[in-house]
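If you want the building blocks of each chain, they are given just below.
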Amino acid sequence: MADTKQYKERKEQFTTDSGIEIKCVYPKRDTDLAEPGEYPFTRGIHPTMYRSKLWTMRQYAGFSTAEESNKRYHYLLQQGTTGLSVAFDLPTQIGYDSDHHFAEGEVGKSGVAIDSLQDMEILFDKIKLEDITTSMTINATAYILLAMYIALAKKQGADLKNISGTVQNDILKEYAARGTFIYPPKPSMKLITDIFDYCSKNLPRWNTISVSGYHMREAGCTAVEELAFTLANGKAYLQAAIDSGLDINVFAKRISFFFNAHNNVFQEIAKFRAARRMWAKITKELGATEERAQKLRFHSQTGGSTLTAQQPKTNISRVTLQALSAVLGGTQSLHTNGYDEALSLPTEEAARIALRTQQIIAHESGAAETVDPLAGSWFIEELTDEVEEKAWHYIETTDNMGGAVQAIEQGYIQNEIADSAYQFQKEVESGEKVIVGVNKYQTDESYDDDIFYVDDAIRQEQIDKLNKLKEKRDSQAVTDALTSLEGAARQEENLMPYVIRAVEQYATLGEIADVLRNKYGEFQN
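The structure presented is a predicted model; accordingly, all values stated were derived computationally and were not measured. (Residues numbered from 1 in each chain as written. Predicted model: local features only at pLDDT ≥ 70, side-chain atom pairs only at ≥ 80, totals over all residues. Heavy atoms only, no water.)

Participant: Pulling in residues and values, what's your account of the overall build of the protein?
Facilitator: In terms of helices and strands, the protein carries 20 helices and nine strands. Each principal axis of the C-alpha atoms in the protein carries an extent, and together these give about 85 × 55 × 45 Å. Considering the protein as a whole, with its 525 residues, one finds that 58% of them fall into the buried category. Within the protein, contacts between residues separated by at least 24 positions form 78% of all contacts whose residues are at least 6 apart in sequence. For the protein, the accessible area works out to roughly 22,200 Å², and carbon and sulfur atoms hold 47% of it. Between the averaged position of the 56 positive side-chain charges in the protein and that of its 76 negative side-chain charges there is a distance of 4 Å. (Helix = DSSP H or I, 4+ residues; strand = E, 2+ residues; numbered from the N terminus. Buried < 20%, exposed > 50% of the residue type's maximum accessible area, 1.4 Å probe, protein only. Contact = heavy atoms within 4.5 Å. Areas by Shrake-Rupley, 256 points an atom, 1.4 Å probe, with all protein chains shown as cover. Lys, Arg positive; Asp, Glu negative; His and termini not counted. Charge placed at Lys NZ, Arg CZ, Asp CG, Glu CD.)

Participant: Could you give me a rundown of the sheet that holds strand β2 (residues 83-87), with the residues and numbers involved?
Facilitator: Strand order in the open sheet formed by nine strands is β5-β4-β3-β2-β1-β9-β8-β7-β6, with parallel pairing between adjacent strands. Two strands in the sheet have a free side with no partner beyond their single neighbour: β5 (206-207) and β6 (209-212). For strand β8 (residues 298-302) and strand β9 (residues 333-335), the ladder comprises three bridges, and the chain directions are parallel. Considered in β9, the bridge of glutamine 301 is made with histidine 335. Each of β1 (56-61) and β2 touches helix α1 (residues 66-79); the most contacted strand, β2, lies at about 150° to it. (Pairing = 2+ DSSP bridges. Axes fitted to C-alpha atoms, helices over the stretch in contact; angles between N-to-C directions.)

Participant: For the nonpolar core, give the residues involved together with the corresponding values.
Facilitator: In this structure, Phe124, Tyr143 and Ile512 are the most contacted members of the largest nonpolar core, which totals 142 residues. In terms of residue count, helix α4 (residues 142-155) provides more of this core than any other element does, 12 residues in total. With residues near it in sequence (within four places) discarded, phenylalanine 124 still touches Asn70, Leu84, Val86, Leu129, Ile132, Thr134, Tyr149, Leu152 and Gln156. Core analysis: the second largest hydrophobic core is formed by seven residues, Phe63, Val107, Leu345 and Val454 among them. (Core = buried A, V, L, I, M, F, W, Y, C linked by side-chain atoms within 4.5 Å.)

Participant: Can you break down helix α13 (residues 348-364) residue by residue, with the values?
Facilitator: A rise of 1.5 Å per residue sets the reference length of α13, with its 17 residues, at 24 Å; its end C-alpha atoms lie 23 Å apart and thus fit the reference within 8%. Burial in α13 covers these residues: Ala350, Ala351, Ala354, Leu355, Thr357, Gln358, Gln359, Ile361 and Ala362. Buried-residue contacts for α13 involve β1, α1, α12 (315-328) and β9. Looking one or two places after α13, you find glycine 366, whose phi comes out positive at around 85°. (Expected span 1.5 Å × (residues − 1).)

Participant: Before we move on, can you summarise the packing of α4 against helix α6 (residues 185-202) with the specific residues and values?
Facilitator: One can describe the packing of α4 onto α6 by two numbers: an axis separation of 10 Å at closest approach and a directional angle of 25°. Relative to α6, the element α4 is oriented roughly parallel. Where α4 abuts α6, its residues Ala142, Tyr143, Leu146 and Ile150 lie against Leu191, Ile195, Tyr198 and Cys199. Across the contact of α4 with α6, the residue classes tally to eight nonpolar, no polar and no charged. (Parallel < 35°, antiparallel > 145°, perpendicular 65-115°, else oblique. Nonpolar A, V, L, I, M, F, W, Y, C, P; charged D, E, K, R; others polar.)

Participant: If you had to explain the pattern of salt bridges to someone new, which residues and values would you point to?
Facilitator: On inspection of all chains with the given rule, the structure shows 29 salt bridges. A salt bridge links aspartate 372 to arginine 43, with the shortest nitrogen-to-oxygen separation between them at 3.1 Å. Residue aspartate 372 is found in the loop between α13 and α14 (378-400), and its partner arginine 43 is found in the segment before β1; the two are separated by 329 residues along the sequence. Residues aspartate 372 and arginine 43 agree in their burial class; the two are buried. Across the salt bridge formed by lysine 154 and glutamate 504, the nearest N and O atoms sit 3.0 Å from each other. Of this pair, lysine 154 sits in helix α4 while glutamate 504 sits in helix α19 (residues 496-504), and the two are 350 residues apart along the sequence. On the accessibility criterion, lysine 154 (42% relative accessible area) is partly exposed. Among the charged side chains, a network of salt bridges with common partners joins Asp17, Arg217, Glu226, Glu268 and Lys271. (Salt bridge = Lys/Arg side-chain N within 4 Å of Asp/Glu carboxyl O.)

Participant: Tell me what's going on with the layout of surface pockets, and back it up with residues and numbers.
Facilitator: Quantified by volume, the largest pocket comes out at close to 1,600 Å³. Every residue lining the largest pocket is counted, 43 residues in all, and those nearest its centre are Asn263, Phe424, Lys433, Val434 and Ile435. Broken down by secondary-structure element, the contributors of at least two residues to the lining of the largest pocket are α7 (214-218), α10 (265-285), α12 and α16 (412-430). For the lining of the largest pocket, the element with the most residues is α16, which contributes seven residues. Residues that form the lining of the largest pocket fall into these classes: 16 nonpolar, 17 polar and 10 charged. Considered as a void within the structure, the second largest pocket measures approximately 980 Å³ in volume. Lining of the second largest pocket is provided by 43 residues; of these, Lys53, Thr56, Asn207, Arg297 and Gln332 occupy positions nearest its centre. The residue makeup of the lining of the second largest pocket, split by class, is 12 nonpolar, 23 polar and eight charged. (1 Å grid on protein atoms, 1.4 Å probe; cavity = no way out; pocket = protein on both sides within 12 Å on 5 of 7 lines; lining within 4 Å. Points joined across faces, edges and corners; volume = space filled by probe spheres on them.)

As structure tokens, then:
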């Protein structure tokens, strides 16, 4: 190897955000890798990966009213998206109807407002649920939105066994990083296992939880922390389901994951490869004997927190790199952010460019033509090992606390995320970490393109719609359904059939959420 000491390098040390040192050159090493599709699935969960089927190309969309979001969905489907991904507004996420005083100023802003089955019918107007897969980013009220989706599928005459998609349903990361929780952890976990149980019997193709590292990464954690805390949460869900009597070989097949794809291409690829290997070991140790129950399937999204309001079109380059890392890392589905999302909801142009980015990677880059193309790289293999080793350290720490739930209750995960976010910001402000257009290569250019705003007036539209719904629905049937739900909650029954009955009678999201607020109370972090 050539002597590198005579050369002056740009930095004293090169490291990833997880503190992993990046060497100048990686020495030769022996690699003993199983084939793609074989345990522990480091190289991918399918033998041929994208040579047989490309990843699902999703675009996260939802804003304003169900009518407006439905127009965007039809536009995206016409542009070639292969799966829908629904964003819900903040009141919907925390169980308030649009007419609640807590909803003021937030209706339709961060996603679409869904108050009742009527809104769900409009949201998917002229879209057959049997023909698409739908991912719903919803957690505290996941049981209600899934019930609405099931009720709509039944109204469309669909066979529930053919309905496929994902409900995020990951409440633990809400306590740790995001904050859209309603109920305390224990009843929240019970609602999650109710969904596991109901779907295993009635919606066998539905992914009942998407364990999400994405939001913890957005809150500031490192790649290794994202991996570790996500798998620790996944382990907690497995244990909760096992404790409730469910078969790990059944429900583990319907667990999926949701990871962030950030700018350090090689660290992200290593993270995805390590994730599969670690999850295979976790599920096996907890009793999974079927390979499908040991396979980690994941959705990925490019890093929203990496997007800059300064020189926003540079975000197209960031999103491209991030999307490529997800594909090279073996993602099952992918959402690419619009370049203008640091400024507003994405415009149609930004959403189209984001989708085209995926399509170019799929059809023009060559990245989809071989499985795990960087396997055997001395750099990638060592980085994968280092990411895994550091992640196990965090998981062992949470295990010693009693698991992810107890680690969250003790504030451990939240504090680690906050410390990493603080360190990152210090490095940006000192100039040690370069953000192009923000702390280096700045310009005085102004951004003159259209910015997408949601009018506050849509709240009144939603309120008017709610009032008309309540006038025409069968009030007694609604009361009876809500009373039955209350009784089932007292008896610790599976609540999904009762929630489905309530939404079919056009009980509102807020009315259903309030029944369980009265039973379980609200969690104060």
